[in-house]
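# Observations on the three-dimensional arrangement
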Amino acid sequence: MSRSNMTSRLGLTVLVLILSRLAVAFVPIGGGASSHISITGTALLQKVTETCRAVAEAAGHEFEPAGSSPGELVQACLGPRATGQVSGVKFHSALQEIYAQNGLVDRNFVNSAPHHFNSEAFLEGRSLITNGVTSIKANVRIGNFKAARETLGRILHTLQDFYSHSNWVELGYTDPYVALIRPDLPLENLADIDTATCSDCATGTCPNPILQNILKEKKLTSGYMGILSAGKPQGKCSHGGEADLTSAVVPRGGISKDERRSDNLAFHNAAVNAATVASLQLLEDIRLTTGNNDFLRLMAITRSSVVCFVIDNTGSMSDDIEAARKTVYKIIDSKKGTQDEPSEYILVTFNDPYFGPLFRTTDADKMKKEISKIKATGGDDPPEMCLSGLQLALTGSPPSSHIYVFTDATAKDIHLKNTIVALIRSTKSTVSFYITKNIGRRRRSVRAGSFNDYRELAQASGGQAIQVSKGQLPQATTVILDTSTSALVTVFHRAMDPGKTATFPFMLDESLQNVTIYITGTSITFTLTNPAGVTQSNTETTGALAFIQTVGNLRRILLNVDKQAGSWKISINSRHPYTVKVTGQSTITFIYDFVESFKGPHPGYAVLSGLPQAGHPATLILSIMGRKGPSSLTVENVGLVVSNTGAESNGTITDMGNGDALVTVDAVPAGEFVVILKGTDKVSSSAFQRQSTTLLSVSKVNIQAMVDKSLEPGEGFNLPFSVMTQGPGGRFTISARNDKNFSMSYPKSLSLTTGTYSNGTVTITPPSDTTSGTDVTLTLEAKSLNGVDSNYAVLRLSVVTKITDFVQPVCEVVSVSADDCPQDVSQCTFFKWELSANLTDGNGSGIAAISLRQGDGTLSYTSLSAASIQASYNASCCSQIVEFVAIDEVGNLGKCYHSIVRSAGHAALSSSALLWLCLLVSAWIVKS
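What you see is a predicted model; the values in this text were computed from it and never measured.

Before going further, it helps to examine the overall build of the protein. Counting its regular elements, the protein contains 17 helices and 40 strands. In terms of its C-alpha atoms, the protein occupies a principal-axis envelope of roughly 90 × 70 × 55 Å. Out of the 928 residues belonging to the protein, those deemed buried represent 58%. Nonlocal contacts in the protein, meaning residues at least 24 apart in sequence, comprise 73% of its contacts between residues at least 6 apart. On the protein, roughly 35900 Å² of surface is accessible, and the fraction owed to carbon and sulfur atoms is 51%. Positive and negative side-chain charges in the protein, numbering 78 and 80 respectively, have mean positions lying 6 Å apart.

Pasting the structure below:
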């Protein structure tokens with residue numbers, strides 16, 4: 001839609017990029033009052049608010065957000081159970097995932113008419129939407145929320161473009177075209193290829209160039225877009241704009257309502273309104289099918305973090321398994337009913353040659369039962385399939401998860417190391433290893449990894465490689481209790497390899513609670529100093545500043561609750577490699593993405609899948625969150641910090657308002673770096689700093705690939721990709737791996753010429769028995785033969801069984817008994833009414849679920865396996881409206897609605913006449 005620079009009332013922000021001579025630009029993150037992003041954000045926030053209110057009412061508490069920030073919305077949505085600090089960062093990140101995929105449609109599918117409803121590609125565009133909705137519902141059904149969010153972003157873009165690129169609003173329609181999300185309804189009155197649709201507009205800005213006969217006959221058309229060619233059928237409308245070559249061909253001009261101009265203001269506003277309502281309509285369909293709780297999980301509105309365990313279950317691991325089991329039990333028992341109660345539990349086991357499957361549940365008792373089943377048996381011949389299990393965890397866990405790996409063996413599958421690093425960088429997850437090394441076990445293969453590989457992977461993610469004896473392991477797992485909390489932030493993190501004496505300053509602000517410092521390494525001494533100059537050395541277990549616990553190679557320093565805000569420092573001395581990390585709980589935090597600009601009809605920024613390009617400025621988009629929303633913070637510095645030296649490259653900040661910032665770093669560090677943010681918390685007037693944990697670097701290699709549809713079980717899927725290097729050309733090795741071990745074929749190498757893309761194709765074939773809704777994570781890597789330079793792309797693809805059932809369940813009201821309900825509603829307390837109905841799915845896939853959506857009464861029904869299901873509803877006359885929904889096995893949904901609300905004019909009607917009237921006004925709602 002258009003690219004306005006007005007800030008919307010829901011707190012979404014503008015991010016405008018001027019490229020070439022185009023007046024206004026589209027970007028994937030941020031957005032004005034009538035951009036794709038703001039339309040999407042408006043619809044998402046409204047639907048989330050409706051869902052939160054419904055959940056709160058069902059739970060018997062009020063939904064009253066203290067403000068409009070993500071944290072305040074999540075706090076109110078979670079209700080009284082959300083005690084302690086509640087962070088909105090996961091919800092905010094979920095919104096950004098959707099926005100990013102929405103924006104990518106303008107880059108990845110710039111010349112695809114169906115993705116934009118250009119060139120009268122109505123049937124094809126509708127198929128993209130309906131197939132996408134099917135994929136989303138299948139993903140949500142089995143908990144693949146990230147894949148669902150990515151698809152949702154793409155199809156919302158296509159749906160919204162219909163109202164901007166077609167003549168729907170010129171025809172006088174104000175409501176959305178429901179057939180776009182209903183494959184069982186026909187697309188009617190489409191203009192055929194030989195029908196002229198537009199008059200010539202020499203100025204290019206005519207208010208309404210649609211031909212009068214098209215308007216009179218209500219013929220549906222859309223503008224033709226020519227990026228590479230000026231050809232279009234005779235008499236057809238063009239999209240318009242400088243990037244559209246067809247707009248100079250008679251009939252000239254264009255009918256796009258993307259931009260708000262003086263000549264199209266009314267049509268532009270009508271298109272924005274229709275696109276917003278259509279987005280709400282699509283989201284409501286998904287919400288009704290998935291249910292309120294899963295819809296909120298789709299939006300990442302959950303209590304706290306996900307707890308993910310990856311456990312070696314070979315014979316020597318019995319002590320480790322018992323320690324992990326007790327840790328899980330302690331997390332469940334100590335945090336139940338609090339904000340820190342994990343929102344989901346994930347468990348993966350591995351040995352050799354087996355690993356997985358991944359077990360996930362939101363039920364704490366089920367997690368207890370599952371982890372109690374793990375037995376240490378066999379496999380007393382290291383190494384093991386550790387990285388294969390970790391790969392499952394990284395792809396199956398939500399982004400920014402904390403993953404804990406328990407093992408006493410090296411990795412047999414060390415060939416997956418680069419894939420693991422790519423997944424860590426892509427997901428921004430933190431991986432910590434608990435290593436109980438058994439010296440008596442010998443490595444079986446010289447191709448296996450070493451324990452040093454675990455240390456490097458932990459450092460890459462910002463985690464720790466904790467090496468302890470089996471007897472010390474229960475003490476070391478305290479770190480898991482520390483990090484499985486809500487609102488966890490990293491204040492400072494540094495990895496020193498090789499080790500040396502160094503002093504590390506860091507800033508603590510008043511919002512921080514439970515501040516903990518972790519040091520991993522051997523032969524370490526240190527001194528901690530607070531802002532007042534008070535010190536404590538490593539020899540003082542309980543001192544003036546902190547409690548110090550030493551377990552194996554881990555030092556856990558828990559600061560006293562009366563810690564001072566201000567500048568702290570810790571001086572560390574060791575000749576061996578070590579890491580130091582400072583964490584705490586606070587709602588002051590940030591999320592970030594590296595992005596690259598793109599041109600075209602709607603230029604903007606796209607989130608990078610791999611590493612930033614070497615030799616170029618790096619561009620980041622940040623969203624900053626404070627205790628009272630973004631306005632409660634002042635950002636003073638954003639930079640990139642080299643992990644092992646502390647050298648900092650500061651960026652130029654463009655404040656986009658409402659907590660969003662565009663940051664350009666001209667001098668990108670050559671080594672591995674993290675993002676650091678510094679500013680002032682206005683609530684306490686104290687300085688703060690926050691740091692990302694994932695180590696990044698730059699590359700001269702670039703990989704581009706795009707996903708636009710789902711896979712089908714048993715069918716080969718071709719995924720084109722392109723690789724380019726700005727460095728020396730030559731032969732580059734290509735590797736492709738997926739987390740489901742689906743069969744794949746791809747070129748093992750490509751010959752690259754500097755500055756020119758070379759193309760390849762990955763063909764991936766899911767087995768015919770793959771469950772619909774399964775998502776597969778594909779990691780592509782391109783590496784120079786000398787190994788000096790490489791880059792990666794991580795893509796999610798969904799496997800969805802082809803749907804042939806588009807028939808919605810049907811409801812037939814059999815009877816309504818409401819004679820006893822008094823006309824005076826104030827007298828309703830002692831009276832009841834009843835409704836009975838038959839529900840059927842015809843020759844469809846069968847009704848899978850029936851649920852009450854409105855009404856305080858009781859809904860009951862007979863067996864869902866029956867061809868005809870009898871439903872009965874009983875309620876107090878005080879609850880005068882009922883709505884329930886029926887969902888079939890493939891996600892088709894129907895709504896049944898009835899109201900017994902009567903006006904004074906109906907008071908004299910007989911009971912018989914009233915019954916007939918109720919039956920007449922009862923309706924099976926077949927339109928969403």
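Having seen the model, we can carry on.
Position of Ser845 among the secondary structure elements: in the loop between strand E34 (832-840) and strand E35 (847-854). The class of Ser845 is partly exposed, set by a relative accessible area of 33%. The spacing of Ser845 and Val807 is 38 residues in sequence and 8.8 Å in space, taken between C-alpha atoms. When residues no more than four places from it in sequence are discounted, the contact partners of Ser845 are Asp805, Asp888, Glu889 and Val890. At 3.3 Å, the side chain of Ser845 forms a polar contact with the backbone nitrogen of Glu889.

A few words now on the nonpolar core. In this structure, Leu152, Tyr163, Leu282, Met299 and Ile301 are the most contacted members of the largest nonpolar core, which totals 63 residues. Contributions of two or more residues to this core are made by helix H1 (36-59), helix H2 (70-78), helix H3 (89-108), helix H5 (122-141), helix H6 (145-165), helix H7 (212-217), helix H8 (265-290) and helix H9 (292-298). Filtering out sequence-adjacent residues up to four positions away, Met299 remains in contact with Leu44, Val48, Phe91, Ala94, Ile98 and Leu152. Within the second largest apolar cluster, 53 residues are counted, among which are Ile346, Val405, Val665 and Val794.

With mixed pairing, six strands are arranged side by side in an open sheet as E3-E2-E1-E4-E5-E6. A strand with exactly one partner marks an edge of an open sheet, and here the two such strands are strand E3 (359-361) and strand E6 (465-467). Across the sheet, the axes of successive neighbouring strands diverge by a mean angle of 15°, strand direction being ignored. Pairing analysis gives three bridges linking strand E2 (residues 344-350) to E3, with the strands arranged antiparallel. Across the sheet, the residue bridging to Tyr345 is Thr361, located in E3.

Turning next to the pattern of salt bridges. Tallied over the full model, the rule gives 35 salt bridges. Of the charged contacts in the structure, one is a salt bridge between Glu344 and Arg360, with a shortest N-O distance of 3.1 Å. Remark: Arg360 occurs in strand E3 and Glu344 occurs in strand E2; sequence separation between them is 16 residues.

Turning next to the packing of helix H12 (residues 386-396) against helix H13 (residues 417-427). It is at 10 Å that the axes of H12 and H13 come closest, and there the two elements cross at 20°. Judged on the interaxial angle alone, H13 and H12 are roughly parallel. Along this stretch, H12 crosses H13, giving a crossing that reads as left-handed. Of the residues in H13, those in contact with Leu387, Leu390, Gln391, Leu394 and Thr395 of H12 are Lys417, Thr419, Ile420, Leu423, Ile424 and Thr427. Per-class residue counts for the contact of H12 with H13 are six nonpolar, four polar and one charged.

Another point: the confidence of the model for the protein. Predicted confidence across the protein gives a mean pLDDT of 88, with 91% of residues reaching 70 or more. Contacts from residues 1-32, a stretch scored under 50 in pLDDT, to residues over four places away or in other chains number 118 contacts. Confidence drops under a pLDDT of 50 for residues 904-928, and excluding neighbours within four residues, the segment shows 40 contacts in the predicted structure.

The rules behind these values
Residues numbered from 1 in each chain as written. Predicted model: local features only at pLDDT ≥ 70, side-chain atom pairs only at ≥ 80, totals over all residues. Heavy atoms only, no water. Helix = DSSP H or I, 4+ residues; strand = E, 2+ residues; numbered from the N terminus. Buried < 20%, exposed > 50% of the residue type's maximum accessible area, 1.4 Å probe, protein only. Contact = heavy atoms within 4.5 Å. Areas by Shrake-Rupley, 256 points an atom, 1.4 Å probe, with all protein chains shown as cover. Lys, Arg positive; Asp, Glu negative; His and termini not counted. Charge placed at Lys NZ, Arg CZ, Asp CG, Glu CD. Polar contact = N/O pair within 3.5 Å; in protein donor to acceptor, adjacent residues only side chain to side chain. Core = buried A, V, L, I, M, F, W, Y, C linked by side-chain atoms within 4.5 Å. Pairing = 2+ DSSP bridges. Axes fitted to C-alpha atoms, helices over the stretch in contact; angles between N-to-C directions. Salt bridge = Lys/Arg side-chain N within 4 Å of Asp/Glu carboxyl O. Parallel < 35°, antiparallel > 145°, perpendicular 65-115°, else oblique. Left-handed = near helix turned anticlockwise from the far one by under 90°. Nonpolar A, V, L, I, M, F, W, Y, C, P; charged D, E, K, R; others polar. pLDDT = per-residue confidence, 0-100.

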